[in-house]
Amino acid sequence: MTEKNWSGLEDKAFGFIKIPPRTIKPRDRGITVVADKGLGLNQLEDLLNLAGDYIDWLKIGISAPRIYSRQHLMDNIKICHKHNVRAFFAGDVTEMAYMQGAIDKYFQEALDLGADGVEISTAQVYMDLTEKALLVEKGAKTGLKIFGEVGKKGLGGWSVPPSYINKEIQALKDAGAYKIVIQGEGVVEDVEEINEKPLFEIAAKHDIKDFIFQAKDNRAHVWLIKNFGLEVNMDIESNQVIIVELCRRGIRKRGLFGLVSSIKE
Amino acid sequence: MTEKNWSGLEDKAFGFIKIPPRTIKPRDRGITVVADKGLGLNQLEDLLNLAGDYIDWLKIGISAPRIYSRQHLMDNIKICHKHNVRAFFAGDVTEMAYMQGAIDKYFQEALDLGADGVEISTAQVYMDLTEKALLVEKGAKTGLKIFGEVGKKGLGGWSVPPSYINKEIQALKDAGAYKIVIQGEGVVEDVEEINEKPLFEIAAKHDIKDFIFQAKDNRAHVWLIKNFGLEVNMDIESNQVIIVELCRRGIRKRGLFGLVSSIKE
Amino acid sequence: MTEKNWSGLEDKAFGFIKIPPRTIKPRDRGITVVADKGLGLNQLEDLLNLAGDYIDWLKIGISAPRIYSRQHLMDNIKICHKHNVRAFFAGDVTEMAYMQGAIDKYFQEALDLGADGVEISTAQVYMDLTEKALLVEKGAKTGLKIFGEVGKKGLGGWSVPPSYINKEIQALKDAGAYKIVIQGEGVVEDVEEINEKPLFEIAAKHDIKDFIFQAKDNRAHVWLIKNFGLEVNMDIESNQVIIVELCRRGIRKRGLFGLVSSIKE
């Protein structure tokens, strides 16, 4: 990789202040996924103008796409592409389509709307691992990037033994998942203390760059950067992009001020 | 009513996924009132482009209209009308005008600014029921839709016996109120558990479609939809429109996933 | 001062409702500083169109300016100036520049970007008082307005005796600081009860108009207005501008409804 692939700070202000460099987009690690929970078009333009260099994917979220107009979704995705940000649909709509036996139509509609990926999760629905892996495989064949979610929200998903989580991860990767999404609940979210064990068990068995960690508060961001490095992939809220980038760069007050760096130049 | 009055989902994405239909605007039940606590014009455009089909009224809120420019309010209301959303002023300004003996000027200014209604409340001021009913009558005669608020915030308004609440509701309806607003505090808000009794007492005596329930968190939304149906009228925050519509449609994760429906086709 | 300098409500709605007058911009007291923690350009336009009359300074915040593009910052500041709002950079970037020995370049870049001021703080870095005063002096000579922060976040800054705080204030004023910023933490923020003593000690020794108080919740706003008057200078969040102005005018429900006034006409 040439020097050109690092930093991305050439047009930024106060250039004489040194901060750690980062890979630039398109990148395979250091990915920031931002949840779109109802961004309007002006708001999305604002966000991407301000921080587009720090956003890799927009996750069009909750079940909302079902009640948005096709036009809105196409406009939304077009704005993303203009800023070299890719867009995928969160797993909720995938699950609805699965439950109603409309999964082929679902992948086609995602493609028609211009999306670059979809998430495959099992948050509301029950599905055995073979079935889930088949779904990932089916999706990957359409050319969509597949985000395979591991763990199950609100159902004590993290009490299953690491050996099983591991098997699930492997099955989704083998089926062609682009990245594995590690849901935050019970690990870094809604827990008194960060539940470190499953995170280190994942890191022990796999390459950390294959994962995207849901991290919805600053404690989670800081833990992940501290332990998995400044280029850990994270799935965050749309109002956290600047804070998270400041953490990655070690210039976030009460985050990791001056303690994070990188040997890239 | 013809079939044309249902659903409103023709232009929406993932049309092959079935979700419960709803009445479409203009509608008399299933109304969503959205509080405007300082929306800018771009922000309002964003919201109405995204979710205008799910918003019936904008409530221009707290006492803010007094310190906004007339131009801003007129622009704001014009944007609403473009999206078939109506606008009314929250009761705070009404109360100030009442205290300063300027209620006729108040109704006139509301009309001049283009508003479709005003709220009449007794949150800060004391007023007997006859006086409040007269105020509603006066307002209704101007052609403005009157939202009559029942209950009194922070003053244990819900400790008064149901017979009196009932009398208040009846008096405001008789005086020509368009809808009765049931304030959330002490009922669905700032309570450890939903205070169900007054809600069921109201539902027992009156037609639920005559009421708008203030509901500012997801617990309140879910309770109201569970108990009063997916077309219960609610007064919500501007960042809750999508979440509430997903709840009404039974596709809100951790809300009422798949459990709400309707026999409309 | 002529009457023209008061009120600023001529173009506002519901003009027949009397509320306390205020000085108008540009003003030396009654200043509202608004923190920009990642406002997009549309969002900033929205805010200033809505409430520009109530905003004196935009504080471009946390360490974010380092990772924003120069173009964004220049556009951002241009919008402020269009609305007669001035802009300054928060102390975090100042501290980074100081630590890296680049303070002259820092002041120059701030001027080049169009800023009207910078904050000088000691939140992350250690610096003795002589050094801090020299920094203020250096900055003031460039023509930038200097906001000198007193107190140190998260380090029990408020346990130092009032005599020392007092010396710090005096040194920064003597060095040419435009205003002294009193950080909120430990005084009005993150405390069970407002820590009144240091606030009254400051008010006893100095003219309150030389200070800007960080006030990030309604309890703080109300305390400051109650005790230091409706024209106390405050540093608030961008979504609090309307609420704070309503408090200053005595028309904020659950704030200071009808209890704040002024003899200005």
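Refer to the structure presented above.
Residues numbered from 1 in each chain as written. Chains lettered and ligands numbered in written order. Predicted model: local features only at pLDDT ≥ 70, side-chain atom pairs only at ≥ 80, totals over all residues. Heavy atoms only, no water.

Draft legend 1. Region of interest: the pattern of salt bridges. A full pass over the atoms with the stated rule returns 60 salt bridges over all chains. Of the charged contacts in the structure, one is a salt bridge between D235(A) and K59(A), with a shortest N-O distance of 3.0 Å. Here D235(A), found in strand β8 (residues 234-237), pairs with K59(A), found in strand β2 (residues 57-60); they are 176 residues apart in sequence, far enough to count as distant. The class of D235(A) is buried, set by a relative accessible area of 2%. Put simply, K12(C) and D53(C) hold a salt bridge, and the shortest N to O gap is 2.7 Å. One end of the pair, K12(C), is in the segment before β1 (32-36); the other, D53(C), is in the loop between α1 (41-51) and β2 (57-60), with 41 residues separating them in the sequence. For K12(C), a relative accessible area of 5% translates into the label buried. A relative accessible area of 37% means that D53(C) is categorised as partly exposed. When salt bridges that share partners are traced, they join D28(A), K173(A), K179(A), K209(A) and D210(A) into one network. (Salt bridge = Lys/Arg side-chain N within 4 Å of Asp/Glu carboxyl O. Helix = DSSP H or I, 4+ residues; strand = E, 2+ residues; numbered from the N terminus. Buried < 20%, exposed > 50% of the residue type's maximum accessible area, 1.4 Å probe, protein only.)

Draft legend 2. Representation of the relation of the copies chain C and chain B within the structure. With an RMSD of 0.0 Å, the operation that places chain C on chain B is a rotation of 120 degrees combined with a shift of 0.0 Å along the axis. Seen this way, the second copy is the image of the first under a three-fold rotation axis. It is N42(C) whose C-alpha, among those of chain C, lies nearest the rotation axis, at 3.8 Å. When you check the interface residues of chain C against chain B, a mere 4% turn up at the interface there too, and the two sides of the contact use different surfaces. (Least-squares fit on C-alpha atoms with pLDDT ≥ 70 in both. Contact = heavy atoms within 4.5 Å.)

Draft legend 3. Spatial organisation of the sheet that holds β1(C). Residue and element names in this part refer to chain C. The sheet built from eight strands closes into a barrel, its strands ordered β1-β2-β3-β4-β5-β6-β7-β8 with parallel pairing. Averaged over all neighbouring strand pairs, the angle between strand axes comes to 30 degrees, with direction disregarded. Taken together, the four bridges between β2 and strand β3 (residues 86-89) define a ladder with parallel strand orientation. Note that in β3 the partner of K59 across the bridge is F88. (Pairing = 2+ DSSP bridges. Axes fitted to C-alpha atoms, helices over the stretch in contact; angles between N-to-C directions.)

Draft legend 4. View of the side chain of T122(C). Mapped onto the elements of the fold, T122(C) is located in the loop between β4 (117-120) and α5 (129-141). A distance of 3.0 Å separates polar atoms of two side chains, one belonging to T122(C) and the other to K132(C). (Polar contact = N/O pair within 3.5 Å; in protein donor to acceptor, adjacent residues only side chain to side chain.)

Draft legend 5. How the structure looks around the packing of aromatic side chains. Residues and elements named next belong to chain B. Here the structure, examined in full by the defined rule, presents 42 aromatic pairs over all chains. Judged by centre distance (5.8 Å) and plane angle (50 degrees), the ring pair of Y106 and F107 falls under tilted. Like Y106, the residue F107 is buried in the burial classification. An angle of 85 degrees between the planes, with centres 6.1 Å apart, marks the rings of F200 and F228 as edge-to-face. With F200 in helix α7 (residues 196-205) and F228 in helix α8 (residues 218-228), this residue pair connects regions lying 28 residues apart in the sequence. (Phe/Tyr/Trp six-rings, centres within 6.5 Å; stacked < 30°, edge-to-face > 60°.)

Draft legend 6. Main features of the packing of helix α5 (residues 129-141) of chain A against helix α6 (residues 162-174) of chain A. Residue and element names in this part refer to chain A. Contact geometry of α5 with α6 gives a least axis separation of 9 Å together with a crossing angle of 30 degrees. Judged on the interaxial angle alone, α6 and α5 are roughly parallel. Read as a crossing pair, α5 and α6 show a hand that is right-handed. Counted together, L129, K132, A133 and V136 of α5 and Y164, K167, E168, A171 and L172 of α6 form the full contact between these two elements. When the residues that make up the contact of α5 with α6 are grouped by side-chain class, the tally is six nonpolar, no polar and three charged. (Parallel < 35°, antiparallel > 145°, perpendicular 65-115°, else oblique. Left-handed = near helix turned anticlockwise from the far one by under 90°. Nonpolar A, V, L, I, M, F, W, Y, C, P; charged D, E, K, R; others polar.)

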